[in-house]
Amino acid sequence: MYDYFADIPFKPADILLPQNCDLGLWSVVACDQYTSQPEYWSRVENRVGANPSSLRLILPESRLEGANVEQEIAAINDAMGAYLEENRFRTLERALIYVERTLHSGLVRRGLIGRIDLEAYDYRPGSTSQIRCTEGTVLSRVPPRMEVRKRAPIELPHVLLLADDPQRAVIEPLSQETDRMERLYDFELMEEGGHLRGWLLNQEQQCRVAQAIGALAKSPLFAVGDGNHSLAAAKACWEQCRAEAGDCDPRRYALVELENIYDPALVFEPIHRVVFGVEPEALLEDVLRFYPEAYRGRGEGHVLSFAHGAVQACITVPNPTEPLEIGTLQNFLDHYMEQHNQVGVDYVHGDDVALHLAESPDCVAFLLPAMEKQDLFPAVVQRGALPRKTFSMGEACDKRFYLEARKLRD
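Rules used throughout
Residues numbered from 1 in each chain as written. Predicted model: local features only at pLDDT ≥ 70, side-chain atom pairs only at ≥ 80, totals over all residues. Heavy atoms only, no water. Helix = DSSP H or I, 4+ residues; strand = E, 2+ residues; numbered from the N terminus. Rg over C-alpha atoms; globule rule 2.2 N^0.38 Å. Axes fitted to C-alpha atoms, helices over the stretch in contact; angles between N-to-C directions. Parallel < 35°, antiparallel > 145°, perpendicular 65-115°, else oblique. Left-handed = near helix turned anticlockwise from the far one by under 90°. Contact = heavy atoms within 4.5 Å. Nonpolar A, V, L, I, M, F, W, Y, C, P; charged D, E, K, R; others polar. Core = buried A, V, L, I, M, F, W, Y, C linked by side-chain atoms within 4.5 Å. Buried < 20%, exposed > 50% of the residue type's maximum accessible area, 1.4 Å probe, protein only. Pairing = 2+ DSSP bridges. Polar contact = N/O pair within 3.5 Å; in protein donor to acceptor, adjacent residues only side chain to side chain. Salt bridge = Lys/Arg side-chain N within 4 Å of Asp/Glu carboxyl O. Lys, Arg positive; Asp, Glu negative; His and termini not counted.

## A word on the overall build of the protein
Right, on to step 1. The helix and strand tally for the protein stands at 10 helices and 22 strands.
Right, on to step 2. The C-alpha radius of gyration of the protein comes to 22 Å, within 12% of the 22 Å expected for a compact globule of 410 residues.
Right, on to step 3. Dimensions of the protein, computed from the C-alpha atoms along their principal axes, are close to 65 × 45 × 45 Å.

Quick look at the structure:
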């Protein structure tokens, strides 16, 4: 049978779908969310209890550098093995799943679950691959994620891959054809995550998806919207085992959700910076010294809004060399962190969360503007990767929830 997906890097996958369990308790939000809000993960832990859940198969990023991380990773791998032995999953062979996520705002975001070929993806600067990262990869953050993946028998994705499809030819037509598909799930997500529904594509629909992707004929074909570092870890793991692995080895691929950047429900939100362990006014004076022409107040140039305690104000950097405010701020923060290794920086979603954290006497929150999403692909083509954590696709509760899985070993 002719393989319509042979020449494109997005393909059907043997997808594992949990069965005989409460999917509302199974599905938890992406592990890199709520890193400064441990109470969120405590609520999830209490809600899940002893029920089967993807919570047992992931390591929240807030614990990634904890003292017991090796034991936690081992427990995760053991849980994956136990779930496989318990026949916790139903296998959908050579499948694509069309998904509709009703967000807490009421908007419906559409996606398509499949696998990508990691040979077509490269996170390194200067990449010309078909699939490219959208943010600078912090290499020190890749090895811990590799430890989670390299011995894992299965993967659960929170990677959101973006297609530049202004004609809405790949995913959107499927919304009119769900009556011709098998409905796989339909349930409410926890913690204001909204509602999730999924359908299994038939062969004719798969063929049309492949043809529509092939007709895009762009470079890059896809860009990584969320999960840049998790996908970089998958790539690095594959490169380590490529020499002894065959071309069809499951580790060559990664499960992702493909979305159209032109989906109206796909909203780009800013990711704010909160600096911990500082004397706020001293930090702001360091910004002014780093940029000698900068001044307090709003003017022409890049305006860096900040808050600490009851103070909300801004610093203007005239004649910036970076195209985005985030680049101007990140250049300072990278320099500052090199000189002050006792200081911490967190990447925070939501103005209210950033302002709340800034109430602490040793914190400064820098609040950034949102990036226009139609500028993403041109920026990736022209400049390569953007500064890390430049944008967020929706608020934290809108991030991908874990549901589908895929075997990494035959």
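There is more to say after this.
## Topic: the packing of helix α4 (residues 142-150) against helix α6 (residues 228-241)
Right, on to step 1. At a minimum axis distance of 8 Å, the contact between α4 and α6 shows a crossing angle of 65°. As judged from the angle between their axes, α4 and α6 are roughly perpendicular. Relative to α6, α4 is oriented so that their crossing is right-handed. On α6, the residues touching Val142, Arg145, Met146, Arg149 and Lys150 of α4 are His229, Ser230, Ala232, Ala233, Ala234, Ala236, Cys237 and Gln240.
Right, on to step 2. Per-class residue counts for the contact of α4 with α6 are seven nonpolar, three polar and three charged.

## Some words on the nonpolar core
Right, on to step 1. Counting residues in each nonpolar core, the largest one holds 51 residues, and the members touching the most others are Ile15, Leu57, Leu92, Ile97, Ile154, Tyr185 and Leu403.
Right, on to step 2. Those elements giving two or more residues to this core turn out to be β2 (13-18), α1 (23-26), α2 (38-48), α3 (69-85), β3 (89-95), β4 (97-102), β10 (182-188) and β11 (195-200).
Right, on to step 3. Top element by residues in this core is α3. It accounts for six residues.
Right, on to step 4. Beyond its immediate chain neighbours, meaning those up to four positions away, Leu403 contacts Leu16, Leu17, Pro18, Leu23, Trp26, Ser27, Tyr185, Phe187 and Leu196.
Right, on to step 5. Counting residues in hydrophobic clusters, the runner-up holds 44 residues, among them Leu118, Val159, Val209 and Ala210.

## Some words on the sheet that holds strand β18 (residues 311-317)
Right, on to step 1. Reading across from one edge, β16-β18-β17-β20-β15-β19 is the order of the six strands in this open sheet, with antiparallel pairing throughout. On the outer flanks of this sheet lie β16 (295-296) and β19 (344-349), each paired with one strand and no other.
Right, on to step 2. As defined by bridge partners, strand β15 (residues 271-276) adjoins strand β20 (residues 363-367) across four bridges and the pair is classed as antiparallel. The residue bridging Val274 from the neighbouring strand is Ala365, located in β20.

## So, the side chain of Gln205
Right, on to step 1. For Gln205, the location among the structural elements is in helix α5 (residues 203-216).
Right, on to step 2. Among the polar contacts listed, one links the side chain of Gln205 to the side chain of Glu177, at a separation of 3.0 Å.
Right, on to step 3. Other than its neighbours up to four places away in sequence, Gln205 contacts Leu174, Glu177, Arg180 and Met181.

## What to know about the pattern of salt bridges
Right, on to step 1. Taken as a whole and assessed by the stated rule, the structure comprises 31 salt bridges.
Right, on to step 2. A salt bridge links Arg296 to Glu281; its shortest N-O distance comes to 2.9 Å. Remark: Glu281 occurs in helix α7 (residues 280-290) and Arg296 occurs in strand β16; sequence separation between them is 15 residues.
Right, on to step 3. On the accessibility criterion, Arg296 (37% relative accessible area) is partly exposed.
Right, on to step 4. In this structure Glu281 comes out as partly exposed when scored by relative accessible area, which is 31%.
Right, on to step 5. A network of salt bridges, in which partner residues are shared, links Glu177, Arg180, Glu204 and Arg208.

## Looking at the side chain of Lys389
Right, on to step 1. Within the element layout of this structure, Lys389 appears in the loop between α10 (376-383) and β21 (392-393).
Right, on to step 2. The side chain of Lys389 is buried and forms no salt bridge, while Asp32, the nearest opposite charge, is found at 4.3 Å.
Right, on to step 3. Setting aside residues no more than four positions away along its own chain, Lys389 makes contact with Asp32, Glu135, Arg141, Ile271, Arg273 and Tyr347.

## With respect to the environment of Gly214
Right, on to step 1. You can see Gly214 is positioned in helix α5.
Right, on to step 2. Sequence separation between Gly214 and Ala236 is 22 residues, and the spatial gap between their C-alpha atoms is 27 Å.

In short, the description is geometric, and any link to function would need to be established separately.
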